[in-house]
Amino acid sequence: MDMASNNLDTRTPLISMRNIRKSFGSLHALQGASIEVYPGEIVALVGDNGAGKSTLVKVMAGVHSFDSGDYEIEGKPANIKTPSDANERGIATVYQDLALCNNLDAVQNLFLGRELTGSSWFGKRINRAACEVRAREVLTKMRLGNLSLTRPVGAMSGGQRQNIAIARSILWQPKIVILDEPTAALSHSAAEQVSSLIRSLADQGLGIVVVSHDIHHFVVNATDRIEVMRLGANVASLKSMEVTGEMVVNAMVGGNESVNLAG
Amino acid sequence: MTALMTTLEAPATPKLKRRTFGELLTTDLRALPVLVGLAFLWIFFTYQSEVFLTARNLSNLLLQSTVVGIMALGLMFVLLVKEIDLSLAAINGVTAVLMAKLIVEFGFSPWLAIPLSILLGAAIASFSARWVSFVGVPSFVVTLGLGLALNGIQLLLLPPTARYGLMGTGIEHIAQTYITGLWSWTLVTIGIALYALLIFSNMHRRRQLGLPVALLTSAIMPLLGAALLGAICVSIFNQHNGIPLPVLIFVVLLGLGGYLLKETQFGLSLYAIGNNDEAARRAGIKVPVIRMYAFAIAGGVAAIAGIISASRTLGVGVFSGGGVGGGTLLLESIAAAVIGGVSLFGGRGAIYAALLGALVIGTVQNGLNLMGVENEIRLIVTGVLLIVAVSIDKLIEKFTGQKSF
């Protein structure tokens, strides 16, 4: 991961989106949203339903195009039109539904669609051994070395499945990982594990964007910066260290602090 | 599926533990219940008729099972991607009739007519897949309609006598050819050598990369098992006439199919699409293309089965392809795949399913025939067996708390 390539003193953000606008017909989903992500940083994207956070990450991941604004990756225009463009530019996404195949094992899920194969003379025979070595490498790096590689992932726990989905996203060495509600389906202890996993990825120099509703635990405890969105634009940028869950919720709904505290 | 997962609690530390018998039953040992059932059937029929276990009868039994087995093998590819093709029996019939027409009326050589009809079968089935992908009509409906239409075309292709005799055209040799003596043993040796090559290639790759290699369970046991099974089968066949060519064709197709499903990227894509087509799409798998190949394989293989049955019955007619509506041929092919362990809901089933399922259905047919039981009873028993097989599968899931994949 060459994160410190040329500009050593003035850090270039991995991703910089400024003043992004996006409409679906008459619905203005994004009205000048912005976000910057630096290497090694975990940015939480929070907001009420319809605030535009999903649209913003979908634009980032190439699922949606945008109408106007600047989208730069490492200081250069991003030019991302499809999800595979985003993959090539080093942006990986972990979807909320994890997009795992329950009947396949961890290795098969990690490499799905991009298996290491032999020549097409033998019908693209999968090189299982090579896949397994690479999978083990990544899982060990994530401190998941003892995860079974041969059980179907459908037989695994929610936390293990979440871990496999994250492992898949970093398999091809991205620069940015977008996680959509990574802790939503998990128990408290499994969510803790996932947060420490996400932290260790950031420590390796990746930029992390997390969409989460788990304000009081995950967002304030496990991230570095919180971008609050309301009605398609950013309304606050908070340092996670300095705020409480209540303050974040207030910024989200834009209400009076004492009223919200009373609730 | 996701709704179910949200309720799952994660244990604090995932640890590697030996799998329980229940878990094995839903994964590696999934064939066990069918094998036990088959063994029961064989023991039962051996007690009921002294003819059952003779070489001649067992050879017959396998020969009788090939057409349904080959059909089930093709259908499996479609079932794996969570689709169904109800026109396969009609494809079987119409391609066989077309082949006969080309040979008898237009003087085609069988060497040309046979590949043509196989290609036509593949083309018809891939047409259904295109229709399913582009229009979005469920495959159930598309292939049901297509099957009826093909039945009509089959009748139109037939001459006023409603039958093309194939005696003396060369096609009859397919069913009448037996491979005996040295040739039969050479074939078994080649088959096992190829299997060994595959196993050792996988082991070599693992060893090169420093991965653990289980010599006993991943090489010696499967190879010894295959060699033993091959030797027993060939010696039984050789006590009668030799290996029937249709059985050899079935075995070759099983080998090819097994390789495709277990070793290749295409095979893995089938399982992925069957379980979660959205995930497969997001992973960059071209779902409509893979689906089309699955249907094409099923169609081509159905045509092969059609040619074999035309050869066995020495002609084609209204009855080809199970008769109008697919008849018992269609239902038995689906039943064979399901009894063997293929899920109708996609993503589940190994290649041996076609063999085991066809053997169960063939055994019931053959055994009840020997006992002099009427055809009606045979249908009832086959139907009940289908329900029992699927129920056992469900009960295992229920009592072990493991979902089968």
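Since we're looking at a predicted model, the values are computed, not measured.

Draft legend 1. Representation of the overall build of chain B within the structure. Along its length, chain B carries 17 helices and 4 strands. A globule of 405 residues ought to have a C-alpha radius of gyration of about 22 Å, and chain B, at 22 Å, matches this closely. If one aligns the C-alpha atoms of chain B with their principal axes, the spans along those axes are about 75 × 55 × 45 Å. Counting all 405 residues of chain B, 48% fall into the buried class. For chain B, the accessible surface area stands at approximately 19,200 Å², while carbon and sulfur atoms represent 71% of it. Computed over 24 positive and 16 negative side-chain charges, the inter-centroid distance for chain B is 9 Å.

Draft legend 2. Structural detail: the overall build of chain A. Regarding its fold elements, chain A presents 9 helices and 10 strands. In terms of overall size, chain A behaves like a compact globule, its C-alpha atoms giving a radius of gyration of 19 Å where 263 residues would be expected to give roughly 18 Å. Seen along its three principal axes, the alpha-carbon backbone of chain A occupies a region of about 65 × 45 × 40 Å. Within chain A, contacts between residues at least 6 apart in sequence are counted, and of these 64% link residues at least 24 apart. Just so you have it, chain A exposes about 11,500 Å², and 50% of that area is on carbon and sulfur atoms.

Draft legend 3. Molecular detail of the interface of chain B and chain A. Contacts between the two partners involve 38 residues from chain B, matched on the other side by 43 residues from chain A. In this assembly, chain B packs against chain A so that about 3,600 Å² is buried in total across both faces, 55% of it on carbon and sulfur atoms. Interface area lost by chain B to chain A is led by B:Gln265, B:Leu268 and B:Arg282, which between them contribute 18%. Remark: the boundary between chain B and chain A carries 3 salt bridges. As a salt-bridge pair, B:Arg282 and A:Asp97 come within 3.1 Å of each other at their nearest N and O atoms. Run the count over chain B and chain A and you get 14 residue pairs in polar contact (both at pLDDT 80 or more). Looking at the side of chain B that touches chain A, the elements with two or more residues in it are α1 (2–6), α9 (181–208), α11 (245–263), α12 (265–275) and α13 (277–282) of chain B.

Draft legend 4. Just the domain arrangement of chain A, in detail. Residue and element names in this part refer to chain A. Partitioning chain A into domains gives domain 1 (2–90 + 176–262) and domain 2 (102–173). One C-alpha centre belongs to domain 1, the other to domain 2, and the line joining them spans 27 Å. Listed per partner, the contact involves 15 residues of domain 1 and 11 residues of domain 2. Across the interface of domain 1 and domain 2, roughly 920 Å² is buried in total on both sides, 67% from carbon and sulfur atoms. Taken as a group, Leu197, Leu201 and Gln204 account for 39% of the area that domain 1 buries against domain 2, more than any other trio of residues on that side. At the junction of domain 1 with domain 2, the criterion picks out 1 residue pair in polar contact (both at pLDDT 80 or more). For the side of domain 1 that touches domain 2, the secondary structure elements donating two or more residues are β7 (176–180) and α6 (188–203).

Draft legend 5. Representation of the sheet that holds strand β6 (residues 91–94) of chain A in the model. Residues and elements named next belong to chain A. Spatial strand order, β6-β7-β8-β3-β9-β10: 6 strands in an open sheet with mixed pairing. On the outer flanks of this sheet lie β6 and β10 (233–239), each paired with one strand and no other. The average undirected angle you get between the axes of adjacent strands in this sheet is 20 degrees. With 4 bridges connecting them, β6 and β7 associate as parallel partners.

Draft legend 6. Spotlight on the packing of helix α5 (residues 88–104) of chain B against helix α14 (residues 287–312) of chain B. Residue and element names in this part refer to chain B. It is the contact of α5 with α14, at a shortest axis distance of 8 Å, that shows an interaxial angle of 55 degrees. Between α5 and α14, the crossing angle belongs to the class labelled oblique. Where α5 crosses over α14, the two elements pack in a sense that is right-handed. Seen from α5, the contacting residues are Leu88, Ile91, Asn92, Thr95, Ala96 and Met99; seen from α14, they are Ala298, Gly299, Ala302, Ala303, Ala305, Gly306, Ile307, Ser309 and Ala310. Among the residues making up the contact of α5 with α14, the classes are represented as 10 nonpolar, 5 polar and no charged.

Draft legend 7. Broad picture of the sheet that holds strand β5 (residues 76–77) of chain A. Residues and elements named next belong to chain A. Taken together, the 4 strands give an open sheet; going across it, the order is β2-β1-β4-β5, and neighbouring strands pair in antiparallel fashion. Since the sheet does not close on itself, it has two edges, and those belong to β2 (27–37) and β5, each with one partner. When strand β1 (residues 15–24) meets strand β4 (residues 68–73), the two strands line up antiparallel, connected through 5 bridges. Paired with Ile15 across the strands is Ile73, a residue of β4.

Draft legend 8. Examining the side chain of B:Ser117 more closely. Residue and element names in this part refer to chain B. Along the chain, Ser117 turns up in helix α6 (residues 110–135). The exposure class assigned to Ser117 is buried, which follows from its relative accessible area of 1%. Not counting residues within four places of it along the chain, the set of residues in contact with Ser117 comprises Thr95, Met99, Ala303 and Ile307.

Draft legend 9. The pairing of β1(A), seen in detail. All names here are of chain A. Of the pairings in the sheet, the one linking β1 to β2 comprises 8 bridges and is antiparallel in character. Its bridge partner being in β2, Phe24 is matched across the sheet by Leu27. Counting the residues between successive antiparallel strands, the hairpin from β1 to β2 contains 2 residues, one of them, Gly25, with a positive phi of roughly 60 degrees.

Draft legend 10. The arrangement of unusual backbone geometry in detail. All names here are of chain A. Look at Asn19: it is not a glycine, yet its phi comes out positive at around 55 degrees. Tracing the chain through its elements places Asn19 in strand β1. Residue classification places Asn19 among the partly exposed residues on the basis of a relative accessible area of 43%. We note that Gln173 has phi near 50 degrees; this positive angle belongs to a residue other than glycine. Along the chain, Gln173 falls in the loop between α5 (158–170) and β7.

Draft legend 11. Summary view of the pattern of salt bridges. Under the criterion given, the structure shown has 19 salt bridges over all chains. A salt bridge links A:Glu41 to A:Arg225, with the shortest nitrogen-to-oxygen separation between them at 2.8 Å. Of this pair, A:Glu41 sits in the loop between β2 and β3 (42–47) while A:Arg225 sits in strand β9 (residues 225–230), and the two are 184 residues apart along the sequence. The class of A:Arg225 is buried, set by a relative accessible area of 14%. Among the charged side chains, a network of salt bridges with common partners joins A:Asp97, B:Glu278, B:Arg281 and B:Arg282.

Draft legend 12. A look at the packing of aromatic side chains. Scanning the model with the defined rule gives 7 aromatic pairs over all chains in all. Consider the rings of A:Phe111 and A:Trp172, whose centres lie 6.0 Å apart with planes at 85 degrees: the pair is edge-to-face. Placement of A:Phe111 in the loop between α3 (106–110) and α4 (128–141) and of A:Trp172 in the loop between α5 and β7 is noted, with a sequence separation of 61 residues between them. Judged by relative accessible area, A:Phe111 falls into the buried class, the value being 1%. Overall, A:Trp172 belongs to the partly exposed group, its relative accessible area being 36%. Aromatic side chains B:Phe44 and B:Phe45 sit 5.3 Å apart centroid to centroid with 65 degrees between the ring planes, which places their arrangement in the edge-to-face category. Seen from the ring of A:Tyr95, B:Arg282 lies directly overhead, with NZ or CZ sitting 4.0 Å from the centre.

Rules behind the numbers
Residues numbered from 1 in each chain as written. Chains lettered and ligands numbered in written order. Predicted model: local features only at pLDDT ≥ 70, side-chain atom pairs only at ≥ 80, totals over all residues. Heavy atoms only, no water. Helix = DSSP H or I, 4+ residues; strand = E, 2+ residues; numbered from the N terminus. Rg over C-alpha atoms; globule rule 2.2 N^0.38 Å. Buried < 20%, exposed > 50% of the residue type's maximum accessible area, 1.4 Å probe, protein only. Areas by Shrake-Rupley, 256 points an atom, 1.4 Å probe, with all protein chains shown as cover. Lys, Arg positive; Asp, Glu negative; His and termini not counted. Charge placed at Lys NZ, Arg CZ, Asp CG, Glu CD. Contact = heavy atoms within 4.5 Å. Buried area = accessible area lost by both parts, 1.4 Å probe. Salt bridge = Lys/Arg side-chain N within 4 Å of Asp/Glu carboxyl O. Polar contact = N/O pair within 3.5 Å; in protein donor to acceptor, adjacent residues only side chain to side chain. Domains from an automatic or database assignment. Pairing = 2+ DSSP bridges. Axes fitted to C-alpha atoms, helices over the stretch in contact; angles between N-to-C directions. Parallel < 35°, antiparallel > 145°, perpendicular 65-115°, else oblique. Left-handed = near helix turned anticlockwise from the far one by under 90°. Nonpolar A, V, L, I, M, F, W, Y, C, P; charged D, E, K, R; others polar. Phe/Tyr/Trp six-rings, centres within 6.5 Å; stacked < 30°, edge-to-face > 60°. Lys NZ or Arg CZ within 6 Å of the ring centre and 35° of its normal.

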